[in-house]
Amino acid sequence: MIHFFIEDTTTFNLCSLTLFWLLPVGAILVGMAANSGYYFMTRWTHRMVDRYDFFGMTLLSAFGICAIYYIEYHFLVIQSGLGDEIGFWDFFKLVTESTEYRVRVGKIIPGRLPSLGWFNYVMVFVHFIGFLLGGAVTFLLIKASDICKPCSKYMVKVQAIKVFFGSLQSYLGYASRLGALDPENPNFLSDLVEKESKIPVKHEQAVRYTWTYKKCPSCNAAILKGEGNIRDGKEWKDLKDSSHTFSNCDELKL
Ligand SMILES: [Zn+2]
């Protein structure tokens, strides 16, 4: 529905947002949206996903793109009483061949491309693949979730703490102390999390280290994951080799 809302209000078809011609970013996002229910249900019910879910989710995406065409057909053709004259495939052909793709380079739109029949079918195919990719990406997101293996439950985020360092240099000292800890038995970890500055610094080369504390909803087992970002201009960028995961953090007081 969001898809139609955007198209209706802006005459902008989200699905046809294509980056560098071949990467159907819009279609991937819509494919992910189509699978968001799947994502939340698996997380909520703590069902572990397997390769069947992978097929299920990509299929759901494929079904999603067909549904979009069909709903469009329903509203534009059947509702205006033309259902007997224009079949679904005629409609599909008409829509595909009459779509014009615009060349966008940054914010400059130099002009429309001449309508090439076959090219439009290639684009439909590219979008279709994008949809399937959206399903696959959502699957991988679930797969990448932290799991408490003995309980087969997804870990739930309890707390996130951000600590800041004025320079890369001061962070590196912290990083080497982190690296010296045993990932299975992180004594003094709370000190390392607690004693650092939580006052945001945003100047160039400042480092932000985000700790995420996650717990198993059944057995209370906890992990602590850390990830660093470095300030580059106006943005925080990922800091290479900065992630740390500590298990056995059940007793940790943050
Ligand atoms: Zn557990």
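Residues numbered from 1 in each chain as written. Predicted model: local features only at pLDDT ≥ 70, side-chain atom pairs only at ≥ 80, totals over all residues.

Visitor: I'd like a description of the overall build of the protein chain, backed by residues and values.
Guide: Within the protein chain one finds 8 helices and 9 strands. By residue count, 21% of the 254 residues in the protein chain fall in the buried class. Pairs at least 24 residues apart make up 67% of the contacts formed inside the protein chain by residues separated by at least 6 positions. (Helix = DSSP H or I, 4+ residues; strand = E, 2+ residues; numbered from the N terminus. Buried ≥ 20, exposed ≤ 12 C-beta atoms within 10 Å, placed from the backbone. Contact = placed C-beta atoms within 7 Å.)

Visitor: Kindly report on helix H2 (residues 25-34), identifying the contributing residues and their values.
Guide: Of all 10 residues that make up H2, 7 are buried, and the element is covered over most of its length. What H2 keeps buried is the set Gly26, Ala27, Ile28, Val30, Gly31, Met32 and Ala34.

Visitor: Requested: an account of the pairing of strand S6 (residues 207-215), with residues and values cited.
Guide: Sheet topology note: the strand S5 (residues 156-165)/S6 ladder contains 9 bridges and is antiparallel. Bridging from a neighbouring strand, Lys162 pairs with Thr210 of S6. Connecting S6 to the antiparallel partner strand S7 (residues 222-232) that follows it, the hairpin turn spans 6 residues, and Asn220 within it adopts a positive phi of roughly 70 degrees. (Pairing = 2+ DSSP bridges.)

Visitor: Please give an account of the environment of Trp89 that cites residues and values.
Guide: Tracing the sequence through the fold places Trp89 in helix H5 (residues 88-98). On a C-alpha basis, the gap between Trp89 and Tyr73 in space is 9.6 Å, while along the polypeptide they are 16 residues apart.

Visitor: Residue-level account of the environment of His74, with values.
Guide: Looking at the element boundaries, His74 is found in helix H4 (residues 51-78). The partly exposed category is assigned to His74, around which 14 C-beta atoms lie within 10 Å. In this structure, the C-alpha to C-alpha distance between His74 and Phe88, residues 14 residues apart in sequence, is 8.9 Å.

Visitor: So what's going on with the nonpolar core? Which residues, and what values?
Guide: Taken as a class, soluble globular proteins show a tendency for nonpolar side chains to be buried jointly. Membership of the largest hydrophobic core comes to 19 residues, with the highest contact counts inside it found for Met155, Val207, Ile223 and Leu224. At the level of elements, S5, helix H7 (168-179), helix H8 (189-194), S6 and S7 are the ones that each hand at least two residues to this core. Among the elements that take part in this core, S7 stands out by supplying 4 residues, more than any other. Those residues in contact with Met155 that lie beyond four places of it in its chain are Asp146, Ile147, Cys148, Lys214, Lys215, Cys216 and Ile223. In this structure, Ile65, Phe131, Leu132 and Ile142 belong to the second largest nonpolar core, which totals 12 residues. (Core = buried A, V, L, I, M, F, W, Y, C linked by C-beta atoms within 7 Å.)

Visitor: Give me helix H3 (residues 36-45): which residues, what numbers.
Guide: For H3, the buried fraction is low: 0 of the 10 residues fall into the buried class. Looking one or two places after H3, you find His46, whose phi comes out positive at around 60 degrees.

Visitor: Describe the pairing of strand S8 (residues 235-238), naming the residues involved and giving the relevant values.
Guide: Pairing between S7 and S8: 4 bridges, direction antiparallel. Bridging from a neighbouring strand, Asp232 pairs with Glu235 of S8. Counted between consecutive antiparallel strands, the loop separating S7 from S8 contains 2 residues, among which Gly233 sits at a positive phi close to 65 degrees.

Visitor: So what about unusual backbone geometry? Which residues, and what values?
Guide: One non-glycine residue with positive phi stands out, namely Asp241, at about 55 degrees. Position of Asp241 among the secondary structure elements: in the loop between S8 and strand S9 (244-246). C-beta crowding within 10 Å serves as the criterion here: with 8 such atoms nearby, Asp241 is assigned to the exposed category. Unlike most non-glycine residues, Asn248 shows phi in positive territory, near 55 degrees. Residue position: Asn248 is located in the segment after S9.

Visitor: Any chance you could break down the environment of Leu60 for me, citing the residues and the numbers?
Guide: The topology assignment puts Leu60 in helix H4. By C-beta crowding, Leu60 is classed as buried, having 20 other C-beta atoms within 10 Å. A sequence separation of 25 residues divides Leu60 from Asn35, and the C-alpha atoms of the two residues are 7.1 Å apart. Those residues in contact with Leu60, other than ones at most four positions away along the chain, are Ala34, Asn35, Tyr38 and Gly135.

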